[in-house]
Amino acid sequence: MVMDKEEIQRILEKALEEGRNVLYEGRVASYIPELAKANSGNLGVCLMRKDGTEYSAGDCNIPFTMQSISKTFSLILALQTAGYDKVFSKIGMEPTGDRFDSILQLELKDWRPFNPMINAGAIVTASCIESPDPFQSFLDLVRRLCANPRISLNESVYRSEKKTGTRNRSIAYLLKSDNVLDGEPEEVLDVYFRMCSVMVTARDLAHYGMILSNHGVDPQTGEQLVDSTIVRIVTTLMMLCGMYDESGEYAVKVGMPSKSGVGGGICAIARHGIGIGTFGPMLNKKGNSVGGERILRILSESLGLHVFDTKEF
Ligand SMILES: NC(=O)CC[C@H](N)C(=O)O
């Protein structure tokens with residue numbers, strides 16, 4: 001199925017409209033007080049192809065905090081600086097089937113977090129980054145992979161989470177008591193909270209997804225921004241665990257390696273060098289954007305983007 005530009009744009013707009021129809025099913029995150037101020041009506045999508053063409057509909061230039069989407073960038077950075085052996089001696093690769101902030105498995109099954117896409121795993125990932133200034137290195141990486149040098153920290157969201165993040169504190173101290181976490185829990189948490197509070201737009205995420213879909217190569221310059229072996233690891237973990245305890249159902253229905261955040265963003269990696277970013281802060285019970293998921297499902301079905309699809313784009 002080869003589509004012309006107008007047809008793709010029409011599909012995006014239809015997907016946005018259908019996404020709007022399900023917003024009432026969700027709620028904005030409020031456990032981080034600052035996030036409760038989000039505009040419940042926001043919804044947007046941007047699709048970017050490696051040939052430079054770009055499609056968008058709705059609120060795709062509104063900045064929001066990336067929250068858990070930061071887990072994919074920090075994993076890339078930890079693998080780049082500390083290497084595979086160190087990272088995966090401290091963190092597993094298995095989905096949990098539990099909430100993103102669950103503490104359960106650490107006590108019951110394994111002292112190592114199950115994977116880097118849940119909070120416990122991302123806190124350990126942050127501790128693995130080898131850099132004199134881990135947050136600055138993270139920010140540099142995000143700016144490069146999103147091709148946007150203006151990306152910055154949202155101070156109020158950062159302070160709000162730092163003040164109220166007792167559950168993440170519990171996780172970090174438990175990990176410390178089991179000797180999984182190197183360094184001071186408060187220092188590692190500070191880096192983690194900052195990373196979650198970096199602001200991006202749906203368009204930034206589309207660019208990032210496009211780079212990952214293109215095996216880490218910037219199609220404009222030919223530069224290998226991320227080693228393809230690292231891209232493969234991160235993409236696989238996004239497919240298995242990127243939508244928390246909804247990852248299985250999402251994989252069946254949408255079938256694109258994706259990562260969501262409670263700020264309302266989703267970054268999806270589609271076949272054929274396509275990246276998609278969505279933004280809609282109304283979340284379902286699992287903490288995933290209801291509007292974003294609906295849009296991605298429609299795009300997957302209409303454009304044949306499921307990883308096991310055979311259609312041409
Ligand atoms: N699911 C998320 O996006 C969680 C990120 C959030 N900063 C937290 O740690 O709770």
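These numbers were taken from a predicted model, which means no experiment stands behind them.

**Some thoughts on the overall build of the protein chain**
Okay, step 1: On a plain count of helices and strands, the protein chain comes out with 13 helices and seven strands.
Okay, step 2: A globule of 313 residues ought to have a C-alpha radius of gyration of about 20 Å, and the protein chain, at 18 Å, matches this closely.
Okay, step 3: Viewed in the frame of its principal axes, the protein chain has a C-alpha envelope of about 55 × 40 × 35 Å.
Okay, step 4: In the protein chain, 69% of the contacts between residues at least 6 apart in sequence involve partners at least 24 apart.

**A short note on the environment of Thr201**
Okay, step 1: Looking at the secondary structure, you find Thr201 in the loop between strand 4 (199-200) and helix 10 (202-213).
Okay, step 2: Owing to a relative accessible area of 11%, Thr201 belongs among the buried residues under this scheme.
Okay, step 3: Along the chain, Thr201 and Gly273 lie 72 residues apart, while their C-alpha atoms are 19 Å from each other.
Okay, step 4: When near neighbours in sequence (up to four residues on either side) are disregarded, Thr201 contacts Cys60, Asn61, Ile62, Pro63 and Phe64.

**Here's the deal with the UniProt feature "binding site: substrate" (unreviewed entry) in the protein chain**
Okay, step 1: Sequence positions flagged by UniProt for "binding site: substrate" (unreviewed entry) are, in local numbering, Ser68, Asn119, Glu161, Asn168, Tyr192, Tyr244 and Val262.
Okay, step 2: Counting through the fold element by element, Glu161 comes out in helix 7 (residues 155-164).
Okay, step 3: Those residues in contact with Glu161 that sit more than four places away from it in its chain are Ile32, Gln67, Asn168, Tyr192, Phe193 and Cys196.
Okay, step 4: Considering the arrangement of structural elements, one finds Tyr192 in helix 9 (residues 185-196).
Okay, step 5: Taking the relative accessible area as the measure of exposure, Tyr192 reaches 2% and is therefore buried.
Okay, step 6: When neighbours within four sequence positions are excluded, Tyr192 is seen to be in contact with Lys71, Asn119, Ala122, Ile123, Glu161 and Asn168.

**Considering the packing of helix 2 (residues 70-81) against helix 5 (residues 119-128)**
Okay, step 1: Relative to each other, helix 2 and helix 5 sit at 40 degrees, their axes nearing to 9 Å. In terms of crossing hand, the pair formed by helix 2 and helix 5 is left-handed. Across the interface between the two elements, Lys71, Ser74, Leu75, Ala78 and Thr81 of helix 2 pack against Asn119, Ala122, Thr125 and Cys128 of helix 5.
Okay, step 2: Here the contact of helix 2 with helix 5 is built from residues that sort into four nonpolar, four polar and one charged.

**Focus: the site of the ligand**
Okay, step 1: Residues in contact with the ligand amount to 13 residues; listed here are only the nearest, Tyr31, Gln67, Ser68, Tyr192 and Tyr244.
Okay, step 2: Contact distances for the ligand include 2.7 Å between an oxygen atom and a side-chain N or O atom of Tyr192.
Okay, step 3: At 2.8 Å from an oxygen atom of the ligand is found a main-chain nitrogen or oxygen belonging to Val262.
Okay, step 4: Its free accessible area being 300 Å², the ligand has 99% of it covered by the protein chains.
Okay, step 5: Residue composition of the shell around the ligand, grouped by class: seven nonpolar, five polar and one charged.

**Quick word on the pairing of strand 6 (residues 265-270)**
Okay, step 1: Within strand 6, six of the six residues are buried, which leaves the element mostly enclosed by the surrounding structure.
Okay, step 2: Burial of the side chains of strand 6 extends over both faces: Gly265, Cys267 and Ile269 are buried on one face and Ile266, Ala268 and Ala270 on the other.
Okay, step 3: The turn linking strand 5 (residues 258-260) back onto strand 6 is made up of four residues, and Gly264 within it adopts a positive phi angle of 105 degrees.
Okay, step 4: Sheet topology note: the strand 6/strand 7 (residues 274-279) ladder contains six bridges and is antiparallel.

**Side note on the pairing of strand 7**
Okay, step 1: Counting buried positions along strand 7 yields six of six residues, so the element is predominantly enclosed.
Okay, step 2: The turn joining strand 6 and strand 7, which pair antiparallel and follow one another in sequence, is formed by three residues; a positive phi near 60 degrees is taken by His272.

**A short note on the packing of aromatic side chains**
The geometry of an aromatic ring pair comes down to the distance between the two centres and the angle between the two planes.
Okay, step 1: Tallied over the entire structure, the rule returns eight aromatic pairs.
Okay, step 2: Ring centres of Phe73 and Phe138 lie 6.2 Å apart, and the angle between their planes is 80 degrees; on these two criteria the pair is classed as edge-to-face. A residue pair is termed long-range when its members are at least 10 positions apart, and Phe73 in helix 2 and Phe138 in helix 6 (residues 134-146) qualify at 65 residues.
Okay, step 3: When the ring centre of Phe135 is taken as reference, the NZ or CZ atom of Arg194 above it lies at 5.9 Å.

**Describing the confidence of the model for the protein chain**
Okay, step 1: This prediction gives the protein chain a mean pLDDT of 95; 99% of its residues lie at or above 70.
Okay, step 2: Quick note on the complex model: pTM equals 0.97, ipTM equals 0.97.

**With respect to unusual backbone geometry**
Okay, step 1: With phi around 50 degrees, Gln67 is a residue other than glycine that occupies positive phi space.
Okay, step 2: Examined against the element boundaries, Gln67 turns out to sit in the loop between strand 3 (64-65) and helix 2.
Okay, step 3: Even without a glycine there, the phi angle at His272 is positive, about 60 degrees.
Okay, step 4: Relative to the assigned elements, His272 resides in the loop between strand 6 and strand 7.
Okay, step 5: Take His272: its relative accessible area is 33%, and that puts it in the partly exposed class.

Criteria and cut-off values
- Residues numbered from 1 in each chain as written.
- Predicted model: local features only at pLDDT ≥ 70, side-chain atom pairs only at ≥ 80, totals over all residues.
- Heavy atoms only, no water.
- Helix = DSSP H or I, 4+ residues; strand = E, 2+ residues; numbered from the N terminus.
- Rg over C-alpha atoms; globule rule 2.2 N^0.38 Å.
- Contact = heavy atoms within 4.5 Å.
- Buried < 20%, exposed > 50% of the residue type's maximum accessible area, 1.4 Å probe, protein only.
- UniProt positions renumbered as here; feature names shortened; annotations may be inferred.
- Axes fitted to C-alpha atoms, helices over the stretch in contact; angles between N-to-C directions.
- Left-handed = near helix turned anticlockwise from the far one by under 90°.
- Nonpolar A, V, L, I, M, F, W, Y, C, P; charged D, E, K, R; others polar.
- Near = heavy atom within 4 Å.
- Polar contact = N/O pair within 3.5 Å; in protein donor to acceptor, adjacent residues only side chain to side chain.
- Areas by Shrake-Rupley, 256 points an atom, 1.4 Å probe, with all protein chains shown as cover.
- Pairing = 2+ DSSP bridges.
- Phe/Tyr/Trp six-rings, centres within 6.5 Å; stacked < 30°, edge-to-face > 60°.
- Lys NZ or Arg CZ within 6 Å of the ring centre and 35° of its normal.
- pLDDT = per-residue confidence, 0-100.

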